[in-house]
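So the chains spell out like this:
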Amino acid sequence: MSTLTQHGPGARDGAREAPRAGAPTEGLRGSVRVLLRTHRRSLRTAGALLLLGVAAVVALRIWVAVAASEERCPDGDTTVCGDDIYAPTSARINAQMFLADGGTVTLLLAGLLGVFVAGPLIARELESGTFRMAWTQSVTPARWLTVRLAVPFVLATAATAVVVPVYRWGWTGLQHNPFSWGLRWYENAVYLSSGPVTLGYALLAVALGALVAVLVRRTLPAMAVTALLVGAVALTMTRLREHLWPIARFSGKPNPDDFSWFIDSGMLTATGKAVYWNDCAHEATAVGDMTVCMRERGGVTPFTDVHPSSHFWPLQLVETGILLAVAVLAVFVAFRVLRRLHG
């Protein structure tokens with residue numbers, strides 16, 4: 001009898017308790033599956049575009065390598081060595097054009113990701129009221145929003161882990177050509193696609209999209225505001241970028257780095273005060289000689305302010321840190337707003 005009692009109601013109660021303990025995890029996984037299934041077409045399209053971009057970089061890099069046999073000089077000159085006329089191969093021209101648009105495309109994709117999160121992923125459900133169905137099925141508002149943030153965060157991180165190394169592989173094969181254009185490390189075309197900043201903008205776009213969605217709660221306005229905010233952040237960071245790390249000053253000698261980001265130049269006075277060439281621009285003579293003006297202001301030793309190529313990673317890490325800090329703040333505010341509106 002004791003055995004029967006042991007396997008009776010108590011056992012059934014224990015069986016009920018076991019699923020209850022794992023219910024949050026199962027509910028979270030179920031929410032993720034539902035979200036992925038609902039937006040599977042968009043995800044497939046994004047994946048196809050990602051693979052297409054990777055294939056394009058690989059194909060162009062291989063094309064440049066194959067066409068190198070047509071280049072008569074080591075520097076890529078297809079004319080007779082020593083000729084002053086430079087004529088790169090079609091492969092090199094097309095590869096440079098494609099890679100020079102990398103930063104613009106990356107920023108555009110980050111903006112589109114934020115717009116997608118703000119509109120179809122969150123604001124549409126808040127606007128239509130379909131979120132109530134999920135919230136009445138043991139899914140709390142916080143878990144509902146967590147899923148809609150975690151999925152794009154993970155997908156953006158995975159995509160960046162593929163895109164950035166492939167882009168850097170294609171870019172480094174061309175940047176050292178002395179006649180390359182648009183491929184310097186500090187240009188937006190390269191800078192936004194070749195380091196952790198790429199991930200920073202993607203995660204920031206997701207966070208801003210979620211915040212705007214819970215505030216606006218209307219699909220089209222949320223998408224428009226998110227796009228404007230991502231663009232405003234990118235423009236602000238572009239203007240502030242040169243100030244994110246101490247500038248290197250070379251005085252009385254040429255800059256040893258041919259790939260430096262030029263910031264400004266001028267002359268130092270005997271006391272070490274900097275006089276910039278721009279200060280004398282309005283006093284230039286007819287032949288454009290501003291040296292007299294600089295000398296009158298006490299200029300003695302020429303100097304140049306630059307960010308050498310060694311500043312690439314410090315600038316990238318500082319900017320990424322700023323973007324992630326803003327993203328964390330946006331996520332925090334989004335959860336607070338959702339809790340205040342829906343408990």
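Look above for the structure.
Predicted, not measured: the structure shown is a model, and the values here were computed from it. Counting from 1, residues in each chain are numbered in the order their sequence is written. pLDDT decides what is reported in this predicted model: residues at 70 or higher carry local features, side-chain atom pairs at 80 or more are listed and counted, and totals for whole chains, interfaces and linings draw on all residues regardless. Excluded from the side-chain calculations are hydrogens and water; all other atoms, namely the structure's heavy atoms, are used.

Engineer: Help me out: how do you make sense of the overall build of the chain in this one?
Structural biologist: The way it works is that DSSP assigns letters per residue, a run of H or I at least four long becomes a helix, a run of E at least two long becomes a strand, and they are numbered from the N terminus. The number of helices and strands found in the chain is twelve helices and four strands. Think of it in three bands: residues with accessible area under 20% of the maximum for their type are buried, residues over 50% are exposed, and the middle band is partly exposed, with areas taken using a 1.4 Å probe on protein chains only. Burial status across the chain gives 38% buried among its 343 residues. Contacts: residue pairs with any heavy atoms within 4.5 Å of one another. For the chain, the share of sequence-separated contacts (at least 6 apart) that also reach a separation of at least 24 residues comes to 75%. Here, Shrake-Rupley sampling with a 1.4 Å probe gives the accessible areas, and only protein chains in the shown set may cover a residue. Of the roughly 19000 Å² of accessible surface on the chain, 64% is carried by carbon and sulfur atoms.

Engineer: Would you mind going over unusual backbone geometry with me for this structure?
Structural biologist: What is expected of a backbone is that most residues other than glycine have negative phi and most peptide bonds are trans. In the Ramachandran plot, Arg217 falls in the positive-phi region, its phi being about 65° despite a non-glycine side chain. By the element assignment, Arg217 lies in the loop between helix 9 (197-216) and helix 10 (219-240). On the basis of relative accessibility, which here comes to 25%, the residue Arg217 falls in the partly exposed class.

Engineer: Would you take a moment to explain the nonpolar core for this structure?
Structural biologist: If you look at soluble globular proteins, the nonpolar side chains tend to sit buried side by side. To define a nonpolar core, start from buried Ala, Val, Leu, Ile, Met, Phe, Trp, Tyr and Cys residues and group those joined through side-chain atoms within 4.5 Å. In terms of nonpolar packing, the biggest core is built from 60 residues, with Ile122, Leu145, Leu183, Trp185, Tyr191, Tyr201 and Val214 touching the most fellow members. Here this core gets twelve residues from one element, more than from any other, and that element is helix 9. If we ignore the near neighbours within four places in the chain, the residues touching Leu183 are Gln96, Leu99, Ala100, Trp171, Leu174, Gln175 and Val190. In this structure, Met267, Val275, Cys280 and Met294 belong to the second largest nonpolar core, which totals five residues.

Engineer: I would appreciate a short explanation of the sheet that holds strand 1 (residues 248-251) in the present structure.
Structural biologist: As a general point, the strands of a sheet are linked pairwise by backbone hydrogen bonds and lie either parallel or antiparallel. Paired strands, as defined in this entry, are two strands with at least two bridges between them according to DSSP. An order of 1-4-2-3 is seen for the four strands of this open sheet, with the pairing classed as antiparallel. Looking at strand neighbours, the two that pair on one side only are strand 1 and strand 3 (274-276), the edges of this open sheet. When the angles between neighbouring strand axes are averaged without regard to direction, this sheet yields 35°. Where strand 2 (residues 261-268) and strand 3 come together, three bridges link them in antiparallel fashion. Axes, fitted as lines to C-alpha atoms, cover a helix only where it is in contact. Angles between the N-to-C directions of the axes lie from 0 to 180 degrees.

Engineer: Help me out: how do you make sense of the packing of aromatic side chains in this one?
Structural biologist: Remark: the centre distance and the inter-plane angle together describe each pair of aromatic rings, the angle taken between the planes. Any Phe, Tyr or Trp ring, taking Trp's six-membered ring, that has another such ring centre within 6.5 Å forms a pair; planes under 30 degrees apart are called stacked, those over 60 apart edge-to-face, and the others tilted. All chains considered together, the criterion is met by seven aromatic pairs. Ring centres of Trp185 and Trp261 lie 6.2 Å apart, and the angle between their planes is 85°; this geometry places the pair in the edge-to-face category. With Trp185 in the loop between helix 7 (141-172) and helix 8 (188-191) and Trp261 in strand 2, the pair connects residues that are 76 residues apart, well separated along the chain. Accessibility expressed as a relative area gives 4% for Trp185, which makes it buried. A residue is classified by how much of its surface remains accessible, and Trp261, at 14% relative accessible area, is buried. Aromatic side chains Trp185 and Phe312 sit 6.0 Å apart centroid to centroid with 90° between the ring planes, which places their arrangement in the edge-to-face category.

Engineer: Explain the layout of surface pockets to me, please; I cannot follow it from the model alone.
Structural biologist: Over the atoms, a rolling probe the size of a water molecule traces out where space has been left empty. By volume, the largest pocket amounts to about 1300 Å³. Cavities and pockets were defined on a 1 Å grid built from protein atoms only: a cavity is a group of points that admits a 1.4 Å probe but offers it no way out, a pocket is an open group of points flanked by protein on both sides within 12 Å along at least five of seven lines, and a lining residue is one with an atom within 4 Å of any such point. Lining the largest pocket are 38 residues; nearest its centre among them are Ala46, Leu49, Leu50, Leu109 and Ala159. Contributions of two or more residues to the lining of the largest pocket are made by helix 2 (9-38), helix 3 (40-67), helix 5 (102-128), helix 7 and helix 9. A total of eleven residues in the lining of the largest pocket trace back to one element, the largest contributor, which is helix 3. Gly is placed with the polar residues, together with every amino acid not listed as nonpolar (Ala, Val, Leu, Ile, Met, Phe, Trp, Tyr, Cys and Pro) or charged (Asp, Glu, Lys and Arg). Looking at side-chain class alone, the lining of the largest pocket contains 27 nonpolar, ten polar and one charged residues. Grid points are joined across faces, edges and corners, and a volume is the space filled by probe spheres set on the points.

Engineer: Even after reading the chapter, I still don't get empty space enclosed by the protein, so can you show me in this structure?
Structural biologist: Evaluated as defined, the whole model comprises one cavity of 30 Å³ or more. Broken down by secondary-structure element, the contributors of at least two residues to the lining of the largest cavity are helix 3 and helix 4 (90-100). Element by element, the count of residues in the lining of the largest cavity is highest for helix 3, at three residues.

Engineer: Could you clarify how one ought to interpret the packing of helix 7 against helix 9 in this entry?
Structural biologist: Between two packed helices, the angle of one axis relative to the other and the distance separating the axes together describe the packing. One way to put it is that helix 7 packs onto helix 9 with a least axis distance of 9 Å and a crossing angle of 160°. Between helix 7 and helix 9, the interaxial angle falls into the category roughly antiparallel. Relative to helix 9, the crossing made by helix 7 is right-handed. Each of Leu149, Pro152, Phe153, Ala156, Thr157, Thr160 and Val164 in helix 7 lies in contact with helix 9, whose residues at this interface are Thr198, Leu199, Ala202, Leu203, Val206, Ala207 and Ala210. The cut-offs work like this: below 35 degrees is roughly parallel, past 145 is roughly antiparallel, 65 to 115 is roughly perpendicular, and the gaps in between are oblique. Note on convention: the crossing is left-handed when the near helix lies turned anticlockwise from the far helix by less than a right angle, right-handed when the turn is clockwise.

Engineer: Looking at this model, I keep getting lost on the pairing of strand 1. Mind explaining?
Structural biologist: A regular strand places its side chains on the two faces of the sheet in alternate fashion. Only one face of strand 1 is covered, namely the face carrying Ala248 and Phe250; the face carrying Arg249 and Ser251 is uncovered. The sheet contact formed by strand 1 and strand 4 (residues 301-307) spans four bridges and is antiparallel. Within strand 4, the position partnered with Ala248 by the bridge is Val306.

Engineer: Is there a simple way to explain the pattern of salt bridges in this structure?
Structural biologist: Oppositely charged side chains are able to pair whenever their charged atoms sit close together. Any Lys or Arg side-chain nitrogen located within 4 Å of an Asp or Glu carboxyl oxygen qualifies as a salt bridge. Evaluated as defined, the whole model comprises three salt bridges. One salt bridge connects Arg249 with Asp305, and the closest N-O pair in it is separated by 2.7 Å. Of this pair, Arg249 sits in strand 1 while Asp305 is found in strand 4, placing the two residues 56 residues apart along the sequence.

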